[in-house]
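The residues making up each chain are set out below.
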Amino acid sequence: MTEKKFNVAVAGATGAVGNQMITCLEERNFPVKSVKFLASHRSAGLKLKFREKEIAVEELKEDSFKGIDIAIFSAGGGPSKQFAPCAAKDGCIVVDNSSAWRMDPEVPLVIPEVNPAAIKDYTNKGIIANPNCSTIQMLVALYPIYQKCGIKRIVVSTYQAVSGTGLKAIEELANQTKAILNFQDYETKVYPHQIAFNCLPHIDIFLENGYTKEEMKMVLETRKIFGNEDIGVTATTVRVPVFYSHSEAINIETEEHISADQVKELLSHAPGVKVLDDPAKNLYPLAVNAAGTDFTYVGRIREDESIPNGINLWVVADNIRKGAATNAVQIAEILAKNYL
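Conventions and cut-offs
- Residues numbered from 1 in each chain as written.
- Predicted model: local features only at pLDDT ≥ 70, side-chain atom pairs only at ≥ 80, totals over all residues.
- Heavy atoms only, no water.
- Helix = DSSP H or I, 4+ residues; strand = E, 2+ residues; numbered from the N terminus.
- Buried < 20%, exposed > 50% of the residue type's maximum accessible area, 1.4 Å probe, protein only.
- Contact = heavy atoms within 4.5 Å.
- Areas by Shrake-Rupley, 256 points an atom, 1.4 Å probe, with all protein chains shown as cover.
- Lys, Arg positive; Asp, Glu negative; His and termini not counted.
- Charge placed at Lys NZ, Arg CZ, Asp CG, Glu CD.
- 1 Å grid on protein atoms, 1.4 Å probe; cavity = no way out; pocket = protein on both sides within 12 Å on 5 of 7 lines; lining within 4 Å.
- Points joined across faces, edges and corners; volume = space filled by probe spheres on them.
- Nonpolar A, V, L, I, M, F, W, Y, C, P; charged D, E, K, R; others polar.
- Salt bridge = Lys/Arg side-chain N within 4 Å of Asp/Glu carboxyl O.

Peer 1: What am I meant to see in the overall build of the protein chain here?
Peer 2: The helix and strand tally for the protein chain stands at 8 helices and 14 strands. Viewed in the frame of its principal axes, the protein chain has a C-alpha envelope of about 60 × 55 × 40 Å. The 340 residues of the protein chain split such that 53% are buried. Restricting the contact set of the protein chain to residue pairs at least 6 apart, pairs at least 24 apart contribute 66%. Summed over all atoms, the accessible surface of the protein chain reaches about 15800 Å², with 49% contributed by carbon and sulfur. Separation of charge centres in the protein chain, based on 36 positive and 41 negative side chains, amounts to 5 Å.

As C-alpha cells, this is what we get:
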C-alpha cells in the first residue's frame, strides 16, 4: 500500500524555529508530496533547501494555503491570528507554534507524549496549538508521575536559552560576549539589560499580578494539557547566557508518596525521556549536551525532605527542537497518520 503524502507549508520558514521545522520534516522523513515556504515580504525570494532542492520563499498571504493539507506555523502571534483562519478556511490544518491559539477552548493544545488524543479536536477550528517550549519539556517529564500518583503542586524555575527569543538574540549574546572579553563597548537591543555573563528574571512582559507572561503561560498551559484546573503551578522564568536548550529546576508535591528511585524507574521507560542521574560520576543533564537532540533529559531526582510527598528534578531539553519544531512535526505526524 502506497503511503499517503501531503502538501505541506511552513509559515515563518526563515526564522530559527521555522528553519528547524524544515530540518525536522526532512530528518523524520515526513510524507511530503510538495512543500511551500512562507515568510514576510522582506524574506520573499530567499532560497531554502529541502531534500537537496532549493525552494524560493514566498510571501505569506491570505491565499497562500490553497491546495495545502498541513501548515506548520512559526510566524509569531500576530500573523498566526491573521492567517491561520485563512488557512483553515481553505481546508488546510494548522499546527501553530505561537501563543495566539493556546488558550482558545476550541483549539487543542498538544504534547504528543502527554495528550495525543486531543488532536482529534482540530475539527473545531482547523487549528492545533503547540505549547510553550518550557511547558513542553516540563510536562513530558512530569506526566508519567502525574499518571502514577497524581500531582498537587508544581514549583518551577527556568533557565532559558537566548534562542527562545530568536536569531537576533543569539547574535546579541555572541556580540556582547566578544565585546566584553575584548574590553569593548557593546549594544543592548534585544533585552533590556546585558545578557552576556548575566541572568535576567524577565521573559516576556510583566502582568498586573507581578508574574511575567511567560510564567503564566506555564501555569495556564499545564492546567489545560492535564485537564486539571485544580493543580497548583507557580513559575519563575529566567533568561540565561546560553545559546540553546532550556534548563528547569522543578519541585512537585504528589498526591501519593513516590520515592526518588521509583521516579527514576518510571521515567527511564517514559516516551521522549532520558534519565541521566548518577551524581557519583557527575552525570546530570546539561544544556550543551541536550542541544541538537529531541529528548527531554531528567536528572538530580531526589526527595524533597521538607514535605512528605515531595520530589525535585532537573529537566533539560533543546527549546528549538523538542520545545518547538519537533513537537509541531510530531503533532503533524499523528494528524497525518490517524486523521487524514
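Now that the structure is up, let's keep going.
Peer 1: Explain the environment of Lys5 to me, please; I cannot follow it from the model alone.
Peer 2: Of note, Lys5 is situated in the segment before strand S1 (6–11). Accessibility expressed as a relative area gives 47% for Lys5, which makes it partly exposed. Separated by 259 residues in the primary sequence, Lys5 and Lys264 have C-alpha atoms spaced 39 Å apart. Those residues within four positions of Lys5 in sequence are excluded, and the remaining contacts are Pro31, Val32 and Lys33.

Peer 1: Quick question: what am I supposed to make of the layout of surface pockets here?
Peer 2: One simple way to see leftover space: roll a probe sized like a water molecule over the atoms. By volume, the largest pocket amounts to about 1200 Å³. Its residues placed into classes, the lining of the largest pocket shows 12 nonpolar, 21 polar and 8 charged. Lining the second largest pocket are Lys168, Glu171, Glu172, Asn175, Gln176, Ala179, Asp185, Tyr186, Glu187, Lys189 and Val190. Of the residues assigned to the lining of the second largest pocket, the class counts are 3 nonpolar, 2 polar and 6 charged.

Peer 1: Would you take a moment to explain the pattern of salt bridges for this structure?
Peer 2: When the charged atoms of two side chains with opposite charge come close together, those side chains can pair. Inspection of the entire model under this criterion finds 12 salt bridges. In the salt-bridge network here, residues are joined through shared partners; they are Glu27, Asp294 and Arg321.

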